[in-house]
Amino acid sequence: MQKNLIDVDSSINSGQVFLWKKFDELWYGINGQNILKIDKFGEINSKVGNDDDFLRKTDNIKKILDSISKDKTIREAIKKYPGLRILRQDPFQCMISFIVSSNSNIQKIKLNLENISEKFGEKTCFEKKNFYLFPKPKKLANATVKEIRECGVGYRAEFIKECAQMINSKEIDFDSLRKTSYEQAKNEIMKISGIGNKVADCILLFSLEKLEAFPLDRWMIRILEKYYSNEFKLETKTITEKQYQIIHEKILNHFGGYAGYAQQFLFKMERENYQKRWL
DNA sequence: CCAAGGCCTGAATG
DNA sequence: ACATTCAGGCCTT
């Protein structure tokens, strides 16, 4: 069955990760303090000898896809990109990535994150190529806002520093966030300024094992209006906190506990329809 | 509880 | 050329 094969290209090019490059048919990427190399069959080599199941091969993908296949639109999206997967990212890198992403675009996010890695991350060699690891929390916690700002992140520099401090001090702890519920984890990370509803959901879905998270960005709102105008109608012009929660509840009722996977398929399909550039 | 405005920045639009 | 808008939001008023 084709359906169980992982489509590495599609998965990396779906707005989840930013520090990835392709050399000949191989993808190289930064994941926290690790470097990963993935071939087109989904075989991974890593610098530290462990990839933490980056491609989520242990997920029962057949069961998941089956469970979210609730309507024609999502079934079409899955059919189009059957090998698309959620990637299990390093939480700190993921957190900073999506703080940087707000009010921005993929090209710029990528540039900003590369700058951050080069400036604050450790230079390292993997398979005769040079990389910069993602900086550790402590490094960014101790950096000045000015230094961070020089990476081109603008007003987000203060958010980044504050976030790094909270992670470094263990005021917010990834291991406990992984164990606790979606709601509780979301409340916790939204204490960090720069992390609102959408950014929080990205972090939870991509790095903290909360597959019911369903990030609602401009694109997803457009998608819902276009394909799901009957079931998920917006009550207000702007997405307020309250509205966000109401929609998410409806989404969960519709797609179930793996709604985050559904989000990824819908997002990928629509972005490709509009031929948006990825990495 | 909702609406409006401001915010770094670079590319795209007029 | 130069001004304005916009891009995968968030925070404050």
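Quick look at the structure, then. (Residues numbered from 1 in each chain as written. Chains lettered and ligands numbered in written order. Predicted model: local features only at pLDDT ≥ 70, side-chain atom pairs only at ≥ 80, totals over all residues. Heavy atoms only, no water.)

Let us look at the protein's contact with DNA strand B. All residues in the neighbourhood of DNA strand B are listed as Asn103, Lys108, Arg149, Gly152, Gly154, Tyr155, Arg156, Thr236, Thr238, Thr240 and Lys242. Counting only atoms of DNA strand B within 4 Å of the protein, the fraction found in sugar and phosphate groups is 64%. In the model, a sugar or linking oxygen of DNA strand B is placed 3.3 Å from a nitrogen or oxygen of the Tyr155 main chain. Looking at the surface near DNA strand B residue by residue, the class counts come to 1 nonpolar, 6 polar and 4 charged. (Near = heavy atom within 4 Å. Polar contact = N/O pair within 3.5 Å; in protein donor to acceptor, adjacent residues only side chain to side chain. Nonpolar A, V, L, I, M, F, W, Y, C, P; charged D, E, K, R; others polar.)

Most of strand β2 (residues 26-31) is tucked away: 5 of the 6 residues are buried. In the sheet, strand β1 (residues 20-23) pairs with β2 via 4 bridges, with the strands oriented antiparallel. Residue pairing for β2: Trp20 is matched across the bridge by Gly29. Adjacent in sequence and paired antiparallel, β1 and β2 are bridged by 2 residues, among which Asp24 carries a positive phi angle near 50 degrees. Bridge count for β2 against strand β3 (residues 34-38) is 5 bridges, and the pairing is antiparallel. Bridged to Asn31 within β3 is Asn34. Counting the residues between successive antiparallel strands, the hairpin from β2 to β3 contains 2 residues, one of them, Gly32, with a positive phi of roughly 65 degrees. (Buried < 20%, exposed > 50% of the residue type's maximum accessible area, 1.4 Å probe, protein only. Helix = DSSP H or I, 4+ residues; strand = E, 2+ residues; numbered from the N terminus. Pairing = 2+ DSSP bridges.)

Looking now at the layout of surface pockets. A volume near 860 Å³ is recorded for the largest pocket. Taken together, 36 residues form the lining of the largest pocket, with Ser101, Ser104, Lys198, Asp217 and Arg218 sitting closest to its centre. Elements supplying a minimum of two residues to the lining of the largest pocket: α4 (91-101), α5 (106-120), α11 (197-207), α12 (218-227), α13 (241-255) and α14 (259-273). The greatest single-element share of the lining of the largest pocket, amounting to 5 residues, is contributed by α11. Taken together, the residues of the lining of the largest pocket sort by class into 13 nonpolar, 14 polar and 9 charged. (1 Å grid on protein atoms, 1.4 Å probe; cavity = no way out; pocket = protein on both sides within 12 Å on 5 of 7 lines; lining within 4 Å. Points joined across faces, edges and corners; volume = space filled by probe spheres on them.)

A separate point is the packing of helix α10 (residues 182-189) against α11. Axis separation between α10 and α11 bottoms out at 10 Å; the angle between their running directions is 125 degrees. Considering their axes alone, α10 and α11 lie oblique with respect to each other. Remark: the crossing between α10 and α11 carries right-handed chirality. Contacts between α10 and α11 involve Tyr182, Ala185, Lys186 and Ile189 on the former and, on the latter, Asn197, Ala200, Asp201, Ile203 and Leu204. (Axes fitted to C-alpha atoms, helices over the stretch in contact; angles between N-to-C directions. Parallel < 35°, antiparallel > 145°, perpendicular 65-115°, else oblique. Left-handed = near helix turned anticlockwise from the far one by under 90°. Contact = heavy atoms within 4.5 Å.)

Locating Phe126 in the fold gives a position in strand β5 (residues 123-126). Here Phe126 falls in the buried class, since its relative accessible area comes to 8%. Remark: the alpha-carbon pair of Phe126 and Leu36, spanning 90 residues in sequence, is separated by 9.0 Å.

The quantities given are spatial measurements derived from coordinates; they are silent on function.
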